[in-house]
Amino acid sequence: MKKSMSLLISCLLLMSIGGCLSLFPSLEPYKAPTEPTKSERAQRSITWQTKTRIPNEFELDYYCYSNSGIQGYVYTHAIFIFSGEAGEKFRRLLAKKWSSLPPEEEGLQNLIAGLYGCRQVKNGFYFYSNRHKEMYGENSYKDHYADPEKVNLWQNYTLAVFDSETNTLHFYEEDY
């Protein structure tokens, strides 16, 4: 007991003399983590949802994120514009991973055509994920909606459309 008490007193004396930080060099003032920028948040979101790494050479032309609560409506819309060489490199990557426009399914064609900024896109690629259908299955709409085929496209989905002519990527994510 006397040994541990004398050791504690010795440590306290050393620290009070001013050697505290020299004894523990890893003790530095706390730096709070910084919030990601809109560009970083948009880039992470689309990379996560599409499983496609977005190159850093882009200009974020538009970004909107809305969350109305835990059981509410969540909406993300972002428009990325890529420079010449980065756009070409990204286009080659998408040609391997995503589907070519226009989609075969008429409902998906209408969904893309109805979204802001995608009306004129004729040449490019798209990524579409119906998360509700993936999570709950094909028949999950039949008990709740009169026409499950129409609802199937717009509830809890991720859609990314790349315009090859302008090197512009439109990203939409909606959750109800």
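To be clear, the structure that these remarks concern was listed above.
Everything numeric in this text was worked out from a predicted model, so none of it was measured.

**Describing the overall build of the protein chain**
Turning to step 1, where the next piece is worked out: Counting secondary structure elements, the protein chain contains six helices and six strands.
Turning to step 2, where the next piece is worked out: For the protein chain, the sequential pattern of α-helices and β-strands runs α-α-β-β-α-β-α-β-α-α-β-β.
Turning to step 3, where the next piece is worked out: Burial status across the protein chain gives 38% buried among its 176 residues.
Turning to step 4, where the next piece is worked out: Long-range pairs, those at least 24 residues apart, make up 60% of the contacts in the protein chain with a sequence separation of at least 6.

**Some thoughts on the pairing of strand β2 (residues 74-82)**
Turning to step 1, where the next piece is worked out: Counting buried positions along β2 gives eight out of nine residues, so the element sits mostly inside the fold.
Turning to step 2, where the next piece is worked out: Bridge count between strand β1 (residues 58-67) and β2: nine bridges; the pairing is antiparallel. Within β2, the position partnered with Tyr63 by the bridge is Ala78.
Turning to step 3, where the next piece is worked out: Sheet analysis places β2 next to strand β6 (residues 168-175), joined by eight bridges and oriented antiparallel.

**Thoughts on the pattern of salt bridges**
Oppositely charged side chains can form a pair if their charged atoms are brought close together.
Turning to step 1, where the next piece is worked out: Counting across every chain of the model gives two salt bridges.
Turning to step 2, where the next piece is worked out: Residue Arg91 pairs with Glu88 through a salt bridge whose shortest N-O separation is 2.6 Å. One end of the pair is Arg91 and the other is Glu88, both in helix α3 (residues 84-97) and three residues apart, which spans about a single turn.
Turning to step 3, where the next piece is worked out: Given the relative accessible area of 25%, Arg91 is considered partly exposed.
Turning to step 4, where the next piece is worked out: Between Glu88 and Arg92 there is a salt bridge, with the nearest N and O atoms lying 3.7 Å from each other. Here Arg92 and Glu88 lie together in helix α3, a separation of four residues that amounts to about one turn.
Turning to step 5, where the next piece is worked out: Overall, Glu88 belongs to the partly exposed group, its relative accessible area being 31%.
Turning to step 6, where the next piece is worked out: Arg92 sits in the partly exposed class, given a relative accessible area of 46%.
Turning to step 7, where the next piece is worked out: The network of salt bridges with shared partners includes Glu88, Arg91 and Arg92.

Reading guide: rules and limits
- Residues numbered from 1 in each chain as written.
- Predicted model: local features only at pLDDT ≥ 70, side-chain atom pairs only at ≥ 80, totals over all residues.
- Heavy atoms only, no water.
- Helix = DSSP H or I, 4+ residues; strand = E, 2+ residues; numbered from the N terminus.
- Buried < 20%, exposed > 50% of the residue type's maximum accessible area, 1.4 Å probe, protein only.
- Contact = heavy atoms within 4.5 Å.
- Pairing = 2+ DSSP bridges.
- Salt bridge = Lys/Arg side-chain N within 4 Å of Asp/Glu carboxyl O.

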